Amino acid sequence: EYIRSYYFNKMEVIRFSSSVGKYVGFTEQGVKNAEYWNKDPSDLSAMRAQKEAYCVNNIQNWYNTALTKS
């Protein structure tokens, strides 16, 4: 799962989660931004592609490293 969170004053304001597939806001301003960002299909597809580019290609490396250190 790919998650990108945005914080302000140590409080999570908005998050993109690959399992949900869109931005979710946690504050009043975060909800407004999430609604605005979710209207942009190119941004959503780019964020969804981050899971493939970052997570899927590296999961075996991280898994092997975790097993050898435990």
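As the structure is a computational prediction, the values presented were derived from the model and not from experiment.

1. Some points on the pairing of strand S2 (residues 11-17)
Part 1 of the reasoning: Along S2, 5 of the 7 residues are buried, which leaves the element largely enclosed by surrounding structure.
Part 2 of the reasoning: Direction of pairing for strand S1 (residues 3-8) relative to S2: antiparallel, over a ladder of 6 bridges. Looking across to S2, one finds that Ile3 is bridged to Ser17.
Part 3 of the reasoning: Linking two consecutive strands that pair antiparallel, namely S1 and S2, is a turn of 2 residues; a positive phi of about 55 degrees is found at Asn9 within it.
Part 4 of the reasoning: Of the strand pairs in this sheet, S2 and strand S3 (residues 22-25) are connected by 4 bridges, and their pairing is antiparallel. By the bridge assignment for S3, Phe16 is matched with Tyr23.
Part 5 of the reasoning: Joining the antiparallel neighbours S2 and S3 is a turn of 4 residues, in which Gly21 adopts a positive phi near 85 degrees.

2. Things to note about the sheet that holds S3
Strand pairing in a sheet is mediated by backbone hydrogen bonds. Such pairs are either parallel or antiparallel.
Part 1 of the reasoning: On the basis of which strands lie adjacent, the open sheet formed by 3 strands has the order S1-S2-S3 and antiparallel pairing. This sheet does not close on itself; its edge strands, each paired only once, are S1 and S3. Pairs of neighbouring strands in the sheet enclose a mean axial angle of 20 degrees, with direction left out of account.
Part 2 of the reasoning: Contacts between helix H1 (residues 28-38) and the sheet are confined to S1, S2 and S3, with S3 contributing the most and set at about 165 degrees to the helix.

Parameters at a glance
- Residues numbered from 1 in each chain as written.
- Predicted model: local features only at pLDDT ≥ 70, side-chain atom pairs only at ≥ 80, totals over all residues.
- Heavy atoms only, no water.
- Buried < 20%, exposed > 50% of the residue type's maximum accessible area, 1.4 Å probe, protein only.
- Helix = DSSP H or I, 4+ residues; strand = E, 2+ residues; numbered from the N terminus.
- Pairing = 2+ DSSP bridges.
- Axes fitted to C-alpha atoms, helices over the stretch in contact; angles between N-to-C directions.
- Contact = heavy atoms within 4.5 Å.

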